[in-house]
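# Coordinate analysis (summary)
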Amino acid sequence: ALVRSGLSNYTFPDNFMFGVATAAFQIEGGWNAGGKGESVWDTYIHEHPDYTLDKSNGDVAADSYHKYKQDIVMVESLGVKYYRLSISWPRILPKGTDDYINMEGVKYYRRVFEGLLKANITPVVTLYHWDLPTPLMDLGGWTNPKIIDYFEDYARVAFRLFGDVVKYWTTINEIHIHCYHGYGNDYFVPAVKFQGVAEYLCSHYMLLGHARVYHLYDKTFKPYQKGIIGITLDSFFAEPKDENNPDDVAAAERYLQMRLGQYAHPIYSKEGNYPVLVRERIYNMSISQGFARSRLPVFTPQEIETLRGSSDFFGLNHYTSILASSSSMEDGWAVPSLDHDTGVRGEQDPKWPIPGAPWLAVHPPGFRKLLNWITKQYGTKVPIIVTENGMSDSGSLNDYERVSYYNHYLEQLLLAIHEDGCNVAGYIAWTLMDDFEWKDGYSVKFGLFHVDYKSPRRTRTPKLSAINYREIVTKKRINFDYIKIPSYRYSR
Ligand code: GBH
């Protein structure tokens, strides 16, 4: 019997974009194949072999450098018409700079893009999903303003060589995660660990790099290539821990402004620039800590203008939520740090299931609320494309929890469209197959397809969630049939 408890009968609009995502470093392998240069992830893990949880590296990964034809068949089997993937910058520019183009790498991506088009699948291409060419890191990576020129030069090469077949571009994946974990802290590569300072430099130059590349495409390539270009930002949602406590309500709002508004406001708001709350907090904290100026760099009026409106869509990655309450020094944040500047204590509601990685608690209503928060802040003119959403578990082929996750999160998306009037144009699931999950190595599984990492063949097998996703995509509605097991139901 069908169990419909709480699940929505709404359907996805006819032109709704369904897709599935991957990222180059997480699947390709072939780390030094075909003339590829080293990325910071190659270099760092080779120098710190114990860095990942399972002491693994990305040298072979899912071997998509050699198995991309299988990947395309898998994407096709899901029934989706969009495949979000990223280009490895050092695979086409081994030194990072545009004076030498590695044609072997270029041919690889041309084969992938043309193979997708032949299968009637549209590539959605991310220019930067964290694998910076190592020589550019030696110059300071995203803390060196010169990176804006290098990023533009790389993007120009990509638009020239692939713009005839690629019509959907995103510049950068998740400014916050990359800068907070990789520059403020050492949880992610390049592990700069200069808290309260480096994460703001990184995100400042990333924003400016994004705007530069947006305008390059908009002026020089868009008129004849006719594609669109945007950025992907990410955020958890924050619920006030106690919704009757004004301090908690303020904490939840502050969290969203520091965690998402900091990067979204310069691009999507009417007035541009960092949100006032973000500027004032970091300035005041900085001065009281003895700095002569704010640790948050200041945009010139002209930079504010180049950033304003510099995205054809709002790419959103979303996975989980927190309960927010006001935090003080006793919470043990380093001073200075983005966490201390934010001053929000985040915890998980014990009622939210945690099927895999400890940070990912399942709370579907947070997704709808985040879509509404974005809509309220920035309006409905720019469509939201959900560029990642998904869940990790231990990797079973009968992944009922992932089936339930997708059905319930997609139900919230339908409610956001039909009951709240949010302008959501697409949904791209993370991820096609079990992959290299950064610091977690291969121990955390997000895939719709299982990958056998014990076999040199890297055999791919669809999980139940792949079949479920295909049902949703082809019927354009939530798939009720798989919600059979009571413990996998979540309330609205
Ligand atoms: C996305 O990042 C990435 O774009 C993608 O490459 C990745 O595979 C996917 O999510 C799944 O992780 O937050 O301090 O508890 C999502 C951001 C980064 C959030 C790591 C959780 C764990 C440490 N994730 N973070 S913490």
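From a predicted model like this one, the values you see are computed outputs, not experimental measurements. (Residues numbered from 1 in each chain as written. Predicted model: local features only at pLDDT ≥ 70, side-chain atom pairs only at ≥ 80, totals over all residues. Heavy atoms only, no water.)

This paragraph deals with the site of the ligand. Around the ligand sit 17 residues in total, of which Gln 26, His 129, Glu 174, Glu 437 and Trp 438 are the nearest. The separation between an oxygen atom of the ligand and a polar side-chain atom of Tyr 319 is 3.2 Å. In the model, an oxygen atom of the ligand is placed 3.3 Å from a nitrogen or oxygen of the Trp 430 side chain. Bound to the protein, the ligand loses 86% of the 570 Å² it would expose on its own. (Near = heavy atom within 4 Å. Polar contact = N/O pair within 3.5 Å; in protein donor to acceptor, adjacent residues only side chain to side chain. Areas by Shrake-Rupley, 256 points an atom, 1.4 Å probe, with all protein chains shown as cover.)

Counting buried positions along strand β2 (residues 82-86) gives five out of five residues, so the element sits mostly inside the fold. Burial along β2 is two-sided: the residues Tyr 82, Arg 84 and Ser 86 and Tyr 83 and Leu 85 are all buried. Here three bridges tie strand β1 (residues 17-21) to β2, and the two strands are oriented parallel to one another. When the sheet's bridge partners are listed, Val 20 is paired in β2 with Tyr 83. (Buried < 20%, exposed > 50% of the residue type's maximum accessible area, 1.4 Å probe, protein only. Helix = DSSP H or I, 4+ residues; strand = E, 2+ residues; numbered from the N terminus. Pairing = 2+ DSSP bridges.)

Now for the nonpolar core. By size, the foremost hydrophobic cluster in this structure holds 161 residues, and its most contacted members are Trp 41, Trp 89, Trp 142, Trp 169, Leu 413 and Tyr 427. Take this core: its biggest share by element is 13 residues, from helix α9 (residues 198-225). For Trp 169, the contacting residues outside a window of four places in its chain are Ile 87, Val 125, Leu 127, Ala 158, Phe 159, Phe 162, Gly 163, Tyr 217, Ile 228, Ile 229, Gly 230 and Phe 313. (Core = buried A, V, L, I, M, F, W, Y, C linked by side-chain atoms within 4.5 Å. Contact = heavy atoms within 4.5 Å.)

The next subject is the confidence of the model for the protein. Averaged over every residue, the pLDDT of the protein is 95; the share at 70 or more is 96%. Here residues 1-5 is a poorly scored stretch, pLDDT under 50, and it has seven contacts once near neighbours within four places are set aside; other chains count. Every residue in residues 485-492 is under pLDDT 50, and counting partners more than four places away or in other chains gives 19 contacts. Predicted as a complex, the structure gets a pTM of 0.96 and an ipTM equal to 0.87. (pLDDT = per-residue confidence, 0-100.)

Attention now moves to the sheet that holds strand β8 (residues 321-326). The strand order β6-β8-β9 describes an open sheet built from three strands, whose pairing is mixed. Only two strands of the sheet have a single partner each, and these edge strands are β6 (237-240) and β9 (344-347). On average, each strand axis in the sheet is tilted by 40 degrees relative to the strand beside it, whichever way the strands run. Across four bridges, β8 lies against β9 in antiparallel orientation. (Axes fitted to C-alpha atoms, helices over the stretch in contact; angles between N-to-C directions.)

Once that is clear, we can look at the sheet that holds β1. Taken in spatial order, the eight strands close into a barrel running β1-β2-β3-β4-β5-β7-β10-β11, and their pairing is parallel. For this sheet, the mean angle separating the axes of adjacent strands, direction not counted, is 25 degrees. Running over the sheet, helix α7 (residues 147-162) touches β3 (122-128), β4 (168-173) and β5 (228-234) and is turned about 160 degrees from β3. Together, β3, β4 and β5 form the strand contacts of helix α8 (residues 175-184), whose direction differs from that of β5 by roughly 45 degrees.

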